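Read off the chains here:
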Amino acid sequence: MRLKLKSLLATVLAATTLVSVAHADQLADIKKKGEIVVGVLGTDEPNSFVDPKTREIVGYEVDLAKAIAQKIGVKPVFKQIAVAARIPELQQGRVDLLAASLTHNKERESQIDFSLTTFVTGQKVMVKASSGIADVPQLAGKKVLTVKGGTQEENVRKAVPSVEVVTFETTQQAFQALQQGKGAGYVNDEATLVNDIAKLGPAKKDYRILPTNLSTEPLALGIRKNEPALKKVVDDTLAELEKSGEADKIFIKWYGPATKLQFDKRSFKIDSDKI
Amino acid sequence: MPGFDLQLLLHGQYHEWLVAGLLVSLKLAGLTIACALPLAIVVALLRLSPWRPLRWLGATYVEGIRNVPLIAHLLFWYFGAPELLPDAWKERLYAGSYEFVAAAIGLTLYAAAFMAENIRSGIRAIPAVQFEAARALGLGFIPAMRRVVLPQALRVTVPPLLSQVIILWNDTSVATVIGVGEMMYQAARVESAAFHSVEAFAFVTAAYLAGSLALTAVAAWIHRRWPVRTL
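The shown structure was predicted, so the numbers you read here are calculated from the model rather than taken from an experiment. (Residues numbered from 1 in each chain as written. Chains lettered and ligands numbered in written order. Predicted model: local features only at pLDDT ≥ 70, side-chain atom pairs only at ≥ 80, totals over all residues. Heavy atoms only, no water.)

Caption draft 1: Focus on the overall build of chain A. When helices and strands are counted, chain A shows 10 helices and 12 strands. In summary, chain A has a C-alpha radius of gyration of 20 Å against a globular reference of 19 Å for 275 residues, a match within 12%. Across its three principal axes, chain A shows a C-alpha extent of roughly 60 × 55 × 35 Å. Classification of the 275 residues of chain A by burial places 51% in the buried group. With an accessible surface of roughly 12800 Å², chain A has 57% of that area assigned to carbon and sulfur atoms. Charged side chains in chain A number 40 positive and 34 negative. The centres of these two groups are separated by 4 Å. (Helix = DSSP H or I, 4+ residues; strand = E, 2+ residues; numbered from the N terminus. Rg over C-alpha atoms; globule rule 2.2 N^0.38 Å. Buried < 20%, exposed > 50% of the residue type's maximum accessible area, 1.4 Å probe, protein only. Areas by Shrake-Rupley, 256 points an atom, 1.4 Å probe, with all protein chains shown as cover. Lys, Arg positive; Asp, Glu negative; His and termini not counted. Charge placed at Lys NZ, Arg CZ, Asp CG, Glu CD.)

Structure follows, in structure tokens:
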């Protein structure tokens, strides 16, 4: 019985491995298909979200992905995916490229390749003003809320080892739970937190973002491992956007003073894929 | 894909997470079964009661609960229901582990609706003359049910109730959506921390399968120990 189980397992594993090596050159495949499938969150303003007027997915990362599709000469197709499903979807070939607020870190480098860093953000913690919590260490022993499948849980545990973490399927649910008082803090990228607070309207004075950064998060586009041709065209496009000043324009369009995020200027350049 | 790392499941941090998840799943399932069964009997009796308002109450419960997906129940009990309480109660509730409490309430009410229908069918399988004979001997509705009909009906109900209990055991996995640290939740945690998805979900699959098979064995034993009596 044990032997049989083992051989069954081996067959399943072998079959999975076969599927994942079936593609020879992804860039050639994309050109042949005439479209590039880009995995986006679609729920993370301003990186990728659904425009309420046009019902189309738009955003900072969406604009970058469109530029890449244009450079290759194919149609971009945006596919909404969950935070926790990002890397599996890419590895199993259901998307060609990830533009999904993806943090570039060492652990993930063994799983997938990353483009040049497209955005630099820090993770922070939002609390209710009435909680009296002034900075991150005061979260010791308290419950904080965040989304599953990202680096948030790991980073907040590193910063405050005694913290209790509860994770949800979407960032909106975690934020909702904070508003209902089900935890003391809500952990996310600073840009997302600022955007969430802006949505509250007059109630925003009841919340504040703690000053200390839990981490510096370089975001990048995700590419399947060992696809040098695709990685080159993605990096070349990003480098060209940077050189022409277009990258700065896209940043100002989604993050600049006229947006909810109200960043004055860009504090990073798209010029390196090292972290 | 890297090879299957069995060591990861047997020792170390990820092992601890998954085992902690298994214990929460067992606790949640155990508590829910213990509460849902008596509730199901009450609801089944309501539906068979001689008084129309009680029958109506039982039917409303069953149809209202079982026609809405479980995930909606759990989200309601976690995000919706407690918001109707006064602030002081809410604070006390949220200070503890309300995720678990909400999951237990949602699962209990949901499972009880299905179990009640199983038990009602079991009761209806007992010839009506048994109940009538008990009443003729001077027993009231409740004593007649308790001493004559239910002991026979519950034996008949063991197989369908077993299915329901197995479904309930597997349904505890839905509690991950409201942040309960059960097995699916911990497997997702291992997946995002270490990308060992195959190992984590292999553990979870084996644990659900083992739990379900153990329940089947218990039901088989109950069925042998208290067989259906020829009527």
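Caption draft 2: A look at the nonpolar core. If you look at the biggest cluster of nonpolar residues, it comprises 56 residues, and the most contacted ones within it are Met126 and Phe168 of chain A together with Tyr61, Tyr78, Met115, Ile123 and Ile178 of chain B. A per-element tally of this core places helix H6 (residues 98-125) of chain B first, with 15 residues. Apart from residues lying up to four places away in sequence, tyrosine 61 of chain B is in contact with Leu39, Val43, Leu109, Ala112 and Ala113 of chain B. Counting 38 residues, the second largest nonpolar core, distinct from the first, contains Phe49, Ile57, Leu64 and Val74 of chain A. (Core = buried A, V, L, I, M, F, W, Y, C linked by side-chain atoms within 4.5 Å. Contact = heavy atoms within 4.5 Å.)

Caption draft 3: Summary view of the sheet that holds strand E4 (residues 57-58) of chain A. What the three strands build is an open sheet, ordered E2-E3-E4 (chain A); its pairing is antiparallel. A strand with exactly one partner marks an edge of an open sheet, and here the two such strands are strand E2 (43-44) and E4 of chain A. (Pairing = 2+ DSSP bridges.)

Caption draft 4: Structural detail: the interface of chain A and chain B. At the junction of the two partners, chain A supplies 24 residues and chain B supplies 22 residues. In total, chain A and chain B occlude about 2000 Å² of area from one another, counting both sides; carbon and sulfur atoms represent 58% of this. Linking chain A to chain B there are three salt bridges. In this structure, the salt-bridge partner of glutamate 83 of chain B is lysine 182 of chain A, at a minimum N-O distance of 4.0 Å. Mapped by element, the contributors of at least two residues to the side of chain A that touches chain B are helix H1 (2-20), helix H4 (86-91), helix H5 (106-109), helix H6 (152-159), strand E9 (164-168) and helix H7 (171-179) of chain A. (Buried area = accessible area lost by both parts, 1.4 Å probe. Salt bridge = Lys/Arg side-chain N within 4 Å of Asp/Glu carboxyl O.)

Caption draft 5: Molecular detail of unusual backbone geometry. Residues and elements named next belong to chain A. The omega angle of the peptide bond from glutamate 45 to proline 46 is 0 degrees, so this bond is cis rather than trans. Take proline 46: it is sitting in the loop between E2 and strand E3 (48-50). The phi angle at arginine 55 is positive, at roughly 60 degrees, despite the residue not being glycine. Given the relative accessible area of 61%, arginine 55 is considered exposed.

Caption draft 6: Region of interest: the side chain of aspartate 96 of chain A. All names here are of chain A. Within the element layout of this structure, aspartate 96 appears in the loop between H4 and strand E6 (97-98). Within polar-contact distance, the side chain of aspartate 96 engages the side chain of glutamine 26 at 3.2 Å. Not counting residues up to four positions away in its chain, the partners in contact with aspartate 96 are Gln26, Ile30, Lys33, Glu35, Ile36, Val37, Leu90, Arg224 and Leu230. (Polar contact = N/O pair within 3.5 Å; in protein donor to acceptor, adjacent residues only side chain to side chain.)

Caption draft 7: Up close: the environment of lysine 205 of chain A. Residue and element names in this part refer to chain A. The topology assignment puts lysine 205 in the loop between helix H8 (190-199) and strand E11 (207-209). Taking the relative accessible area as the measure of exposure, lysine 205 reaches 64% and is therefore exposed. The spacing of lysine 205 and alanine 129 is 76 residues in sequence and 7.7 Å in space, taken between C-alpha atoms.

Caption draft 8: Representation of the environment of valine 77 of chain A in the model. Along the polypeptide, valine 77 of chain A turns up in strand E5 (residues 75-80). The sequence separation of valine 77 of chain A and lysine 66 of chain A amounts to 11 residues, and the corresponding C-alpha distance is 9.1 Å.

Caption draft 9: Up close: the pattern of salt bridges. According to the stated counting rule, one finds 29 salt bridges over all chains in the structure shown. Between glutamate 169 of chain A and lysine 148 of chain A there is a salt bridge, and its shortest N-O distance comes to 2.9 Å. Of the two residues, glutamate 169 of chain A sits in the loop between E9 and H7 while lysine 148 of chain A sits in the loop between strand E8 (143-147) and H6, which places them 21 residues apart along the sequence. A single network of salt bridges, built from pairs that share partners, joins Arg47, Glu63, Arg66, Glu117 and Arg120 of chain B.

Caption draft 10: Representation of the packing of helix H2 (residues 26-33) of chain A against helix H9 (residues 228-244) of chain A within the structure. Residues and elements named next belong to chain A. Between H2 and H9, the least distance of the axes is 6 Å, while the angle of their chain directions is 70 degrees. In terms of their interaxial angle, H2 and H9 are classed as roughly perpendicular. Facing Gln26, Leu27 and Ile30 of H2, the residues of H9 in contact are Ala229, Leu230 and Val233. Its residues assigned to classes, the contact of H2 with H9 shows five nonpolar, one polar and no charged. (Axes fitted to C-alpha atoms, helices over the stretch in contact; angles between N-to-C directions. Parallel < 35°, antiparallel > 145°, perpendicular 65-115°, else oblique. Nonpolar A, V, L, I, M, F, W, Y, C, P; charged D, E, K, R; others polar.)

Caption draft 11: Representation of a nonpolar patch on the surface. Residues and elements named next belong to chain B. A cluster of nonpolar side chains, Trp51, Leu54, Trp56 and Leu57, forms an exposed patch at the surface whose accessible area comes to about 490 Å². Mapped onto the elements of the fold, tryptophan 56 is located in helix H3 (residues 52-66). Taking the relative accessible area as the measure of exposure, tryptophan 56 reaches 61% and is therefore exposed. (Patch = residues over 30% accessible without salt bridge, like charges linked within 9 Å, V, L, I, M, F, W, Y side chains within 5 Å.)

Caption draft 12: Geometry of the pairing of E9 of chain A. All names here are of chain A. A large share of E9 lies buried, amounting to four of its five residues. The pairing of E8 with E9 spans five bridges and is classified as parallel. By the bridge assignment, lysine 143 is partnered in E9 with glutamate 164. Of the crossover connections in this fold, the one passing from E8 over H6 to the parallel E9 is right-handed. (Right-handed = clockwise from strand over helix to strand, strands pointing away.)

Caption draft 13: Structural context of the pairing of E8 of chain A. Residues and elements named next belong to chain A. Burial analysis of E8 places five of its five residues in the buried class, the great majority of the element. Here E8 runs beside strand E10 (residues 185-189); their pairing, made up of two bridges, is parallel. By the bridge assignment, leucine 145 is partnered in E10 with tyrosine 186.

Caption draft 14: Quick peek at the packing of helix H2 (residues 12-48) of chain B against helix H10 (residues 197-225) of chain B. Residues and elements named next belong to chain B. Running from amino to carboxyl end, H2 crosses H10 at an angle of 30 degrees, the nearest separation of the two axes being 11 Å. For the element pair H2 / H10, the angle class is roughly parallel. Crossing handedness for the pair H2 and H10: right-handed. Judged by residue contacts, Leu18, Val19, Leu22 and Ser25 of H2 engage Ala200, Phe203, Ala207 and Tyr208 from H10. Residue classes in the contact of H2 with H10 are distributed as seven nonpolar, one polar and no charged. (Left-handed = near helix turned anticlockwise from the far one by under 90°.)

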